[in-house]
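# Structure at a glance
What follows is the residue order along each chain.
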Amino acid sequence: MKYKKYFRKTSLKQKGDGEFFLEEIKKRKPKFFLEVGVFHGVTARNVCELLFNIHNNDFKYIGLDLFEKNDENKSEIIPNTNFSNPLKQIYFKYIKKQDPYTIEAVQDLLKKFKDNVHLIKGNSNKVLKKIDMTKIDYVFLDGGHDYDTVKNDLGFCSEVIENNGTILCDDYNLSYAPGVKKAIDEYVKKNNYKCEIMRNSRFAKIEK
Ligand SMILES: C[S@@+](CC[C@H](N)C(=O)[O-])C[C@H]1O[C@@H](n2cnc3c(N)ncnc32)[C@H](O)[C@@H]1O
């Protein structure tokens, strides 16, 4: 299945990574998907299209993001939200009249699936503990890249693993964010979970 970019920015931009990601999800056919770190919503839209193909309307997608450039947690790495492509700048400024890194713009991109999608604006360090994890069967963890944030996020997603679900972590081995790998390695060891490192150490898939 082709990973589409919808004229926006995404962290799955490297050739083949998006398709690899969708194939991974297809293997598990989740019905209740959580993405931590939605950004412009490109992965969200791809996931919804895939789950719609598999389950029709019988799926849910929950997306959590700061959706804010100057959050109190300034140590988090937030991708550059400015476009270098002037056509995209014009499209969002004058045609869409939107900042694509807002919850409203992502809701707009996902409007086709409005009954399936629930977007949450907030910091995962505060919000994840309030989410009912009992039904979630797949997590794409791609939010804050701080050691403490990844440790927090994994901790609150343990129920997903215990219920035979999957956590797929992005940026496992990123030179400028070593806390991701450290937090994942410690978590997997402590809980004795299986962890498969894939795609040139980009993704870490955690299962029971
Ligand atoms: C790498 S981007 C996500 C890319 C997206 N998953 C995709 O595939 O296009 C990371 C996102 O995580 C968000 N983020 C960073 N720290 C966060 C936190 N503590 N809680 C929630 N979201 C956070 C940022 O705002 C940013 O949009």
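Residues numbered from 1 in each chain as written. Predicted model: local features only at pLDDT ≥ 70, side-chain atom pairs only at ≥ 80, totals over all residues. Heavy atoms only, no water.

### Some words on the packing of helix H6 (residues 147-156) against helix H8 (residues 178-191)
In contact at an axis separation of 8 Å, H6 and H8 are set at 35 degrees when each is read in the N-to-C sense. Here H6 and H8 pass one another in a crossing that is right-handed. Together, Tyr147, Val150, Lys151, Leu154 and Gly155 of H6 and Gly179, Val180, Lys182, Ala183, Ile184, Glu186 and Tyr187 of H8 make up the contact between the two elements. When the residues that make up the contact of H6 with H8 are grouped by side-chain class, the tally is 7 nonpolar, 2 polar and 3 charged. (Axes fitted to C-alpha atoms, helices over the stretch in contact; angles between N-to-C directions. Helix = DSSP H or I, 4+ residues; strand = E, 2+ residues; numbered from the N terminus. Left-handed = near helix turned anticlockwise from the far one by under 90°. Contact = heavy atoms within 4.5 Å. Nonpolar A, V, L, I, M, F, W, Y, C, P; charged D, E, K, R; others polar.)

### Comments concerning the site of the ligand
With respect to spatial proximity, 21 residues lie near the ligand, and among them Gly37, Thr43, Asp65, Tyr101 and Asp142 are the closest. Here an oxygen atom of the ligand and a backbone polar atom of Phe39 are 3.5 Å apart. Tyr101 is positioned with one of its side-chain polar atoms (N or O) 2.6 Å from an oxygen atom of the ligand. Considered on its own, the ligand offers 600 Å² of accessible surface; in the complex 98% of this is hidden by protein. (Near = heavy atom within 4 Å. Polar contact = N/O pair within 3.5 Å; in protein donor to acceptor, adjacent residues only side chain to side chain. Areas by Shrake-Rupley, 256 points an atom, 1.4 Å probe, with all protein chains shown as cover.)

### Examining the state of the cysteines
Tallying each qualifying case throughout the model produces 0 disulfides. In this structure Cys157 is a free cysteine whose sulfur lies 8.7 Å from that of Cys169, the closest cysteine sulfur available. Note on Cys195: no disulfide assigned, nearest cysteine sulfur contributed by Cys169 at a separation of 7.1 Å. (Disulfide = S-S within 2.5 Å.)

### Overview of the packing of helix H1 (residues 17-28) against helix H2 (residues 42-55)
Closest axis-to-axis distance for the H1/H2 pair is 11 Å, and the angle between their directions is 40 degrees. On the basis of their axis angle, the class for H1 and H2 is oblique. The handedness of the crossing between H1 and H2 is right-handed. Between H1, through Phe21, Leu22, Ile25 and Lys26, and H2, the contact on the second element is made entirely by Thr43, Asn46, Val47, Leu50, Leu51 and Ile54. Classifying every residue of the contact of H1 with H2 by side-chain character gives 7 nonpolar, 2 polar and 1 charged. (Parallel < 35°, antiparallel > 145°, perpendicular 65-115°, else oblique.)

### Quick word on the sheet that holds strand E5 (residues 166-169)
Read across the sheet, 7 strands follow the order E3-E2-E1-E4-E5-E7-E6 without closing on themselves; strand pairing throughout is mixed. Of all the strands in the sheet, the pair left with one neighbour each is strand E3 (117-121) and strand E6 (194-198). Neighbour-to-neighbour, the strand axes of this sheet turn through a mean angle of 15 degrees, independent of strand direction. Running over the sheet, H1 touches strand E1 (32-36), strand E4 (138-141), E5, E6 and strand E7 (203-207) and is turned about 10 degrees from E7. Along the sheet, H6 contacts E1, E4, E5 and E7; its crossing angle with E4, the most-contacted strand, is approximately 175 degrees. (Pairing = 2+ DSSP bridges.)

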